[in-house]
Amino acid sequence: MKQYDAKKILNIALAGHSGSGKTSVAESILYLSKMSERLGKVADGNTVLDFDSEEIKRQTSIMTAVAPIEWKNTKINLIDTPGLFDFAGGVAEGMRAADTALIVVSGKDGVCVGTEKAVEAATKAGLTKVFFVNGLCDESARFYRVFESLKATFGPSVCPVVVPYIVDGQANTYVNLFDYKAYEYGTDGSVKQTALPDMGDRLEGLREAIKEAVAETSEELLDKFIMGEEFTPEEIILGVSQGVKDGTICPVFCGDAHNTFAIDQLLNSLTWLAPSAADKSGEIGVDLDGEPVDVSVNDGGAAAAIVFKTVADPFIGRLSYVKVVSGKVSSDAPLINMRTGAQERITKVLSVSGKKQSDVPYIGAGDIGAIPKLASTKTGDTLCSPLRKVVLDGIDYPSSSYTMAVYPAKKGDEDKVAQGIAKLADEDPTIKLVSNHETHEMLLSGLGEQHLDVVISRLKTKYNVDAVLKKPKIAYRETIRKKVSAQGRYKKQSGGHGQFGDVWIEFEPCDSDGLVFAERVVGGAVPKNFFPAVEKGLQDSIKKGVLAGYPMVGIKATLYDGSYHPVDSSEMSFKTAASLAYKNGIPNASPTLLEPIGSLKANVPDANMGDVMGEVNKRRGRVLGMQPGENGTQIVEAEVPMAEMDDFATYIRQVTQGRGSFDFAFVRYEDTPANVAQKIIEKAKADSQD
């Protein structure tokens, strides 16, 4: 493929609800543009863009994939993003690299939650939005119902460009409302112009929708529309073109990707409707002093690129996908990684189409490509020329709110599991792995149940490490609520040297994360050189509480009396005496079980607020208040025991149909209610006997 100027490059992310046919649309485009020899099908596992073994097995996209095509002297970089909410990190990556979002909508299912989320993500990223209603060869598809739903959901900016003429449930003919020509498509791949069909008042209604959208692009055209004056064809074409580029118009195309119907009309229109990289790819970065820097799309400028995706493969090595904003990236000049400050040596640069790679002399401004073997570079990093150091915006990933404990299937493989997941997290930053030192578990967090299932599956296929997921243990703690005194006396005679230690210790509650040790011994009842041994004996003892064996916190222990033997007393005997005082005293100090409490902020649609508040109460939580969110949502603020939150991510996705999200973080420990504590204590005792 030849090198293209930024004015002739389109960066287009395909997004939408799962199952709407994004990958099929991309495959149809690749086939028509002759970048693929066959029309790949997801069901057959032979698509260019769903090439990962997990994607083939599950028949759905789970990560972002890139493929360039050429059409009418224009290079179009297709960025296929996942539709499943569990892989929304891929959508964030695709939107960061794109200038236009092609939002695919099912002709049968219409506007779904994934459609709304794709539009929201594109709007947030400042992208141009184009709709494609797919699957119209299915007799249950209803284009005009879907179109009205698009207008009702997203407003008058939704503008029809290509519409179907449907006869007996078959959509073989498509009308282009710009040139008022109709095209008939055959299942053999043939396309021929045909007479404009008689669509009655519908065609006039669609023309009116175009005028309504064009009127929104300027005050002059709005006045003309209000006065009932007709727009000239030039005004309509220029108005739509300008409106699409500045985001005030969202054009609607349609067709069927499985048969390639009307895909050519989509491509023809994109080449003049969609903004080029020169129009859209410039950014405002910041320099080392935090001052804004205008990074314009210019092949002759100092190089600046954003890493929007990373692949870490055990066979092909590490591959960093980049969008070049300014200058050229090539093996001729090193780049600075602005996160690490290190210089990265570029050995070669690549053009990538699915899993296929080919060497290119350079990646120009506004274009997308990949750089192999950048060992310290991560997704979201800025690579730039040493001549102009600038940091570009990174990638705003969704928070990882679903957590499970991960265990190796074979004992001793803990390090292999941790290393494998760390490599997978390089590719997918929504994967988080932390070690909980209290419960001695590795905690794996992601965006949902399916997300973590894929992590475990890829761990096996890529790194040959078996692991299993379990419900995470809760880090309970124990404390006391009453002040008591207790004696610990240790005496042992076994011939020769004996062992003797005798202590009186006062235990009382205090505000601490562990044990506070003090002494007020008078008259040398316990020699000072044994104080550290007493403290060590208590520190060892509090690691296991008397109720359920959880660590004890909030205890002040004061050594105030005791006795010793000049020959038989030793550090070991006083350490043992201290542990006996602990065992004798703590059960009488009103011991209680503490549970961790987390702060919940759930962002949910208005309609689901009552459900979520009720669920919080069921989970023993306390609703603290509400505040309005964005786009008709409410933020429910609450405090909930962490033990009750293990499946909350699944609940909130189900009840809000994927529209809701939440953040949850530990805040403090509180007394566990007696009925709950009793169950925990009984389970701990049963586990200890196993």
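Before any of the text, the structure's been laid out above.
The rules we used
Residues numbered from 1 in each chain as written. Predicted model: local features only at pLDDT ≥ 70, side-chain atom pairs only at ≥ 80, totals over all residues. Heavy atoms only, no water. Helix = DSSP H or I, 4+ residues; strand = E, 2+ residues; numbered from the N terminus. Buried < 20%, exposed > 50% of the residue type's maximum accessible area, 1.4 Å probe, protein only. Contact = heavy atoms within 4.5 Å. Areas by Shrake-Rupley, 256 points an atom, 1.4 Å probe, with all protein chains shown as cover. Lys, Arg positive; Asp, Glu negative; His and termini not counted. Charge placed at Lys NZ, Arg CZ, Asp CG, Glu CD. Pairing = 2+ DSSP bridges. Axes fitted to C-alpha atoms, helices over the stretch in contact; angles between N-to-C directions. Core = buried A, V, L, I, M, F, W, Y, C linked by side-chain atoms within 4.5 Å. Phe/Tyr/Trp six-rings, centres within 6.5 Å; stacked < 30°, edge-to-face > 60°. Lys NZ or Arg CZ within 6 Å of the ring centre and 35° of its normal. Expected span 1.5 Å × (residues − 1). Arc of directions from axis to C-beta. 1 Å grid on protein atoms, 1.4 Å probe; cavity = no way out; pocket = protein on both sides within 12 Å on 5 of 7 lines; lining within 4 Å. Points joined across faces, edges and corners; volume = space filled by probe spheres on them. Nonpolar A, V, L, I, M, F, W, Y, C, P; charged D, E, K, R; others polar.

**Student:** Looking at this structure, I do not really get the overall build of the protein. What am I missing?
**Tutor:** Scanning the protein from terminus to terminus reveals 17 helices and 34 strands. Projected onto its principal axes, the C-alpha positions of the protein cover 115 × 60 × 50 Å. Split into buried and exposed, the 690 residues of the protein put 53% on the buried side. Partitioning the intrachain contacts of the protein with sequence separation of at least 6 by distance along the chain shows that 71% fall at a separation of at least 24. Approximately 30,900 Å² of the protein is accessible, and the part contributed by carbon and sulfur atoms is 49%. Taking the average place of the 77 positive charges on the side chains of the protein and the average place of its 93 negative ones, the gap between the two points comes to 7 Å.

**Student:** Teacher, can you tell me more about the sheet that holds strand β7 (residues 162-167) here?
**Tutor:** Strand pairs in the sheet, formed through backbone hydrogen bonds, run parallel or antiparallel to each other. Here we have four strands laid out as an open sheet, ordered β7-β8-β9-β10, and antiparallel in their pairing. Of all strands in the sheet, those bounded by a partner on one side alone are β7 and β10 (191-194). Across the sheet, the mean angle separating the axes of adjacent strands is 35° when strand polarity is ignored. By the bridge criterion, four bridges tie strand β9 (residues 181-185) to β10 in an arrangement that is antiparallel. Residue pairing for β10: A182 is matched across the bridge by T194.

**Student:** I'm lost on unusual backbone geometry in this one. Help?
**Tutor:** Backbone phi values are negative for most residues with the exception of glycine, while trans is the configuration of most peptide bonds. For Q59, which is not glycine, the phi torsion reads 55° and is therefore positive. Looking at where Q59 falls in the secondary structure, it is placed in the loop between α2 (53-58) and β2 (65-71). What makes Q59 partly exposed here is its relative accessible area of 43%. The backbone of A262 sits at a positive phi, close to 65°, despite the residue not being glycine.

**Student:** Which parts of the structure should I look at to understand the side chain of T128?
**Tutor:** Mapping T128 onto the fold places it in strand β5 (residues 128-134). In contact with T128, not counting residues within four places along its chain, are D99, T100, A101, V244, K245, P275 and K280.

**Student:** When you look at the nonpolar core in this model, what are you seeing that I'm missing?
**Tutor:** Side chains that are nonpolar tend, in soluble globular proteins, to be buried together. Counting residues in hydrophobic clusters, the biggest one holds 95 residues, and the most contacted among them are F131, F143, L150, Y174 and V240. The greatest single-element share of this core, amounting to seven residues, is contributed by helix α6 (residues 201-215). Among residues more than four places away in sequence, those in contact with L150 are V105, V111, F131, V133, G155, V158 and V252. Y402, I431, Y463 and A638 belong to the second-largest nonpolar core, a separate cluster that totals 30 residues.

**Student:** Please explain helix α3 (residues 88-97) as it appears in this structure.
**Tutor:** Since the α-helix advances by 3.6 residues per turn, residues separated by three or four positions end up pointing in the same direction. Most of α3 is tucked away, with nine of its ten residues classed as buried. Looking at α3, one finds that the buried residues are G89, G90, V91, A92, E93, G94, M95, R96 and A97.

**Student:** Which parts of the structure should I look at to understand the packing of aromatic side chains?
**Tutor:** Note on aromatic pairs: each is described by the distance of the centres and the angle between the planes. Applying the stated criterion across every chain yields a total of 13 aromatic pairs. Look at F225 and F231: their rings are 6.5 Å apart centre to centre, the planes differ by 25°, and that puts the pair in the stacked class. For F225, a relative accessible area of 27% puts it in the partly exposed group. Taken together, the ring pairs in this structure connect F143, Y144 and F147 into an aromatic cluster. The ring centre of Y407 lies 4.6 Å from the NZ or CZ of K470, which sits over that ring.

**Student:** What is the right way to look at helix α5 (residues 143-154) in this model?
**Tutor:** Given a rise of 1.5 Å per residue, twelve residues ought to cover 16 Å, and the 16 Å separating the end C-alpha atoms of α5 matches this to within 8%. When we look at burial in α5, the residues that qualify are F143, Y144, V146, F147, L150 and K151. Looking down the long axis of α5, one finds its buried residues gathered within 160° of arc, a one-sided arrangement. Pointing more than 90 degrees away from the buried face of α5 are the exposed residues R145 and A152. Looking at the buried residues of α5, the elements they touch are β4 (100-106), β5, β6 (158-160), β7, α6 and β11 (250-254). Where α5 ends, the next residue or the one after it, G155, has phi of about 95°, a positive value.

**Student:** Where do I start with the layout of surface pockets in this structure?
**Tutor:** It is a probe the size of a water molecule, rolled over the atoms, that shows where empty space is left. Its boundaries defined by the atoms lining it, the second largest pocket holds a volume of some 1,100 Å³. K473, I474, Y476, Y550 and D687 are, among the 30 residues lining the second largest pocket, the residues nearest its centre. A breakdown of the residues in the lining of the second largest pocket according to their chemical character gives 15 nonpolar, four polar and eleven charged.

**Student:** Quick question: what am I supposed to make of the sheet that holds strand β29 (residues 515-519) here?
**Tutor:** Strand order in this open sheet of four strands is β27-β28-β30-β29, and the pairing throughout is mixed. The outermost strands of the open sheet, each flanked by one partner alone, are β27 (484-492) and β29. Pairwise comparison of adjacent strand axes, ignoring direction, gives a mean angle of 25° for this sheet. The pairing of strand β28 (residues 499-509) with strand β30 (residues 555-563) spans eight bridges and is antiparallel. Counted as the bridge partner of I505 is L559 from β30.

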